[in-house]
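# Residue-level structure breakdown
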Amino acid sequence: MALSKSNYLVYQETLQFLEFFKNMIFALEVGDKRHWKPWQAAIILATNSLLRLQDLFLNVKGYSFLLTSRFTQDCVENLFSQIRIRQKKPTALQFKGFLKSVTVSQYLTEVPGSSYDADERDWLIDFTTNVKQLKENKSVQMQKSKPVINELTKLGKQAALGRMNASEKNVVYHLAGMIVHKVAKHGAVCHQCIEKCLATEPYISDYSKLTITKDFTGQALVYVNEETFIYFLKLEIVFRSELENLNNENVFDTIESQLIHIPAAHLIPCHDLKRKLLRRFLFFRLKIHQPKKVHKNKFDSRSMAV
């Protein structure tokens, strides 16, 4: 739909103003030494990006309007604030670890007291998912009755899958691959043990879409088989049910004593792989649940006298 004459004039005036603003920032000389400042480059970069985007959407793709306020970077600022609350000045390795922790925890746990609404857009992972079915699964999940551990250990595949929506299952699958990789790297287990966890061929399913999206080379991440995925799914279900009803200090041992009863018949016992996977999973989930209890560097700026 073509712009009306009045709207076209407003559109042209807006473009002229943005060009003028960009040139003004470029010509500014700041301070006595007239040095170029980083914020000048940032403003010019953002303005150029907006000008190119409006040309793409309005002139090439034929959109009738464009809401430029939707290009805000508040979500990026929120991400960095979540990382810096764990470490004021993280190293590159720490940043990588914190980024993974924050990414996974935002799917598994709603942050209390945050200034952002919980993101329930499951279609970001699967555009074909039935929205009505997602709402039904969510209503079942929100029931706060504590399940009996004997019943949870007897959960079949379909029963376990029915307790989580598409997004949560994708995250649990990604989490399972990450933990298997960590145990294989640091857990002193044999190659035969790890082979029992891995998919024999590229595991393409509705549960691995998040992992496939994050796997930038096709071989950078670990793909677990279906039996291992279902095992971690049950671990997550029991973890949530037990955590809501624990008030004592020895949380780790209490939950571990419940999780150990979940069967994993496909794993071989030669290097106690099941317990190592379980403990690694529990450490990671408790770290997400209580991020402020993660150990900080001794010489963190928050621990030094001012």
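### As for the state of the cysteines
Disulfides are covalent bonds that connect the sulfur atoms of two cysteines. A full pass over the atoms with the stated rule returns 0 disulfides. Free cysteine: Cys-190, not disulfide-bonded; nearest cysteine sulfur from Cys-193 at 3.3 Å. Summary of cysteine pairing: Cys-197 is not part of a disulfide, and the nearest cysteine sulfur, belonging to Cys-193, is at 8.1 Å.

### Concerning the pattern of salt bridges
In total, this model carries 10 salt bridges according to the counting rule given. Arg-240 serves as the salt-bridge partner of Glu-168, at 3.0 Å between the closest nitrogen and oxygen. In this pair, Glu-168 is assigned in helix 8 (residues 166-186) and Arg-240 in helix 11 (residues 226-243), connecting sequence segments 72 residues apart. For the pair Glu-168 and Arg-240, a shared accessibility class is recorded, and that class is buried. Several salt bridges converge on common partners, so that one network encompasses Glu-168, Glu-236, Arg-240 and Arg-285.

### Topic: unusual backbone geometry
A negative phi angle characterises most non-glycine residues, just as the trans form characterises most peptide bonds. Its identity as a non-glycine residue notwithstanding, Arg-34 has a phi of 55 degrees, on the positive side. Turning to its location among the elements, Arg-34 is positioned in the loop between helix 1 (5-27) and helix 2 (38-60). By relative accessible area, which is 48% here, Arg-34 ends up partly exposed. Notably, Asp-272 is not glycine yet its phi reads approximately 55 degrees, a positive angle. Within the secondary structure layout, Asp-272 lies in the loop between helix 12 (251-259) and helix 13 (273-289). According to the relative accessible area criterion, Asp-272 is partly exposed, its value standing at 39%.

Each value, and the rule that gives it
- Residues numbered from 1 in each chain as written.
- Predicted model: local features only at pLDDT ≥ 70, side-chain atom pairs only at ≥ 80, totals over all residues.
- Heavy atoms only, no water.
- Disulfide = S-S within 2.5 Å.
- Salt bridge = Lys/Arg side-chain N within 4 Å of Asp/Glu carboxyl O.
- Helix = DSSP H or I, 4+ residues; strand = E, 2+ residues; numbered from the N terminus.
- Buried < 20%, exposed > 50% of the residue type's maximum accessible area, 1.4 Å probe, protein only.

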